[in-house]
Amino acid sequence: ALDGWAQRLAGQGHAVEGPFERFGAAVIAVRDPDGLRIELEAVADAVLASPADTGAIAGIHAVPLTVTAAKATAALLTEVFGYVPTGEAADALGSRRRYSTRGPIARHIDLIEAPHAAPGSMGGGSIHHIAFRALDDAEQLQWREAIAARGFNVTEVRDRTYFHSIYFHEPGGVLFEIATDPPGFTIDEPLANLGAALQLPARLERRRAEIERQLPGLR
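All values derive from a computational prediction rather than experimental measurement.

Trainee: Sorry, what's going on with the pattern of salt bridges here?
Mentor: Pairing is possible between side chains of opposite charge, provided their charged atoms come close. Within the structure shown, the criterion is met by 14 salt bridges. Residue E210 pairs with R207 through a salt bridge whose shortest N-O separation is 3.2 Å. The exposure class assigned to E210 is partly exposed, which follows from its relative accessible area of 30%. One salt-bridge network, in which partners are shared between bridges, spans E41, D91, R96, R98 and D110.

If you want it as structure tokens, here you go:
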């Protein structure tokens with residue numbers, strides 16, 4: 001499947017790096033139109049919507065965080081979030097260590113320690129934050145108490161219409177969010193029609209025309 005993706009991407013004019021090996025798996029990399037590096041990793045136990053669809057993307061496998069010093073971030077991941085260290089690999093920027101948790105999707109965080117890396121900047125080609133899931137409001141509040149007890153400045157619970165969120169910056173400066181599953185994205189449209197039209201929270205409805213003008217066209 002990875003070979004097929006490499007051919008498909010190259011056929012559409014994308015410069016494909018690899019394949020190369022990391023943590024025992026084959027990986028290829030491309031950059032999106034804004035310059036953001038995206039990697040595809042061949043995972044033997046990937047959970048697909050259909051077992052016969054071997055060319056499908058199973059989901060987000062690992063999220064890399066680049067920090068100047070990884071020790072404090074690693075302590076947060078292991079001592080508070082329950083991740084465990086599962087591997088170390090060479091990286092062009094610096095040392096890369098993998099931390100893992102349960103579940104088939106988005107179960108790995110790779111910490112890349114790059115003491116001389118330039119600070120991140122906002123805008124196209126960057127990732128604004130990483131969101132973790134909480135089962136419900138009660139579980140989210142438990143997380144908030146645990147994180148605040150470690151001395152982090154955690155926001156109040158914010159109502160995002162489709163979910164409730166709290167935010168804080170981890171020791172390396174990356175913005176972390178913990179968001180609830182409910183109420184969910186089916187509160188204003190049925191599951192079968194998700195994505196067919198632009199849905200906005202009531203507080204943003206008055207800016208619909210402005211927001212639609214700024215969004216990229218979809219084909």
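Trainee: Would you mind going over helix α3 (residues 137-149) with me for this structure?
Mentor: The terminal C-alpha atoms of α3 lie 18 Å apart, and with 13 residues this matches the ideal 18 Å at 1.5 Å per residue to within 8%. The backbone nitrogen of A138 lies 3.3 Å from a side-chain oxygen of the residue at the head of α3, namely D136. Residue G151 follows α3 closely and has a positive phi angle near 95 degrees.

Trainee: Just to check I follow, could you spell out the side chain of R22 for this structure?
Mentor: Its place among the elements puts R22 in strand β1 (residues 17-22). Of note is the side chain of R22, whose polar atom sits 2.6 Å from the side chain of E39. For R22, the residues in contact, after removing those within four places along its chain, are V27, E39, E41, A89, D91 and R96.

Trainee: Is there a simple way to explain the packing of aromatic side chains in this structure?
Mentor: Aromatic ring pairs are reported here in terms of the distance separating the ring centres and the angle at which the planes meet. Counting across every chain of the model gives nine aromatic pairs. The interplanar angle of 35 degrees and the centroid separation of 6.1 Å between the aromatic rings of F81 and F176 together place this pair among those described as tilted. With F81 in the loop between α2 (71-80) and β5 (84-90) and F176 in strand β11 (residues 175-183), this pair connects stretches of sequence that are 95 residues apart. Given the relative accessible area of 11%, F81 is considered buried. Here F163 and F185 contribute two aromatic rings whose centre-to-centre distance is 6.1 Å and whose plane-to-plane angle is 55 degrees, an arrangement assigned as tilted. Here F163 is found in strand β10 (residues 163-169), whereas its partner F185 is found in the loop between β11 and α4 (208-214), with 22 residues between them in sequence.

About the criteria used
- Counting restarts for each chain: residues are numbered from 1 in the order of the written sequence.
- The predicted origin of the model limits local features to residues at a pLDDT of at least 70 and limits the giving and counting of side-chain atom pairs to 80 or more, whereas totals for whole chains, interfaces and linings rest on all residues.
- Remark: hydrogens and water are excluded; side-chain values derive from all non-hydrogen atoms of the structure.
- By definition, a salt bridge exists where a carboxyl oxygen of Asp or Glu is found within 4 Å of a side-chain nitrogen of Lys or Arg.
- Between buried and exposed lies partly exposed: a residue is buried under 20% and exposed over 50% of the maximum accessible area for its type, with that area taken using a 1.4 Å probe on protein chains only.
- Secondary structure elements are defined from DSSP: runs of H or I of at least 4 residues count as helices, runs of E of at least 2 residues count as strands, and each element is numbered from the N terminus.
- Here, expected helix span is obtained from the residue count minus one, scaled by 1.5 Å.
- A 3.5 Å cut-off defines polar contacts: any pair of N or O atoms within that distance qualifies, except that in protein one atom must be a possible hydrogen donor and the other a possible acceptor, and neighbouring residues in sequence count only when both atoms are side-chain atoms.
- Note on contacts: a residue pair qualifies if any of its non-hydrogen atoms lie within 4.5 Å across the two residues.
- Each Phe, Tyr or Trp ring, with Trp reduced to its six-membered ring, pairs with another whose centre is within 6.5 Å; inter-plane angles below 30 degrees give stacked pairs, above 60 give edge-to-face pairs, and intermediate values give tilted ones.

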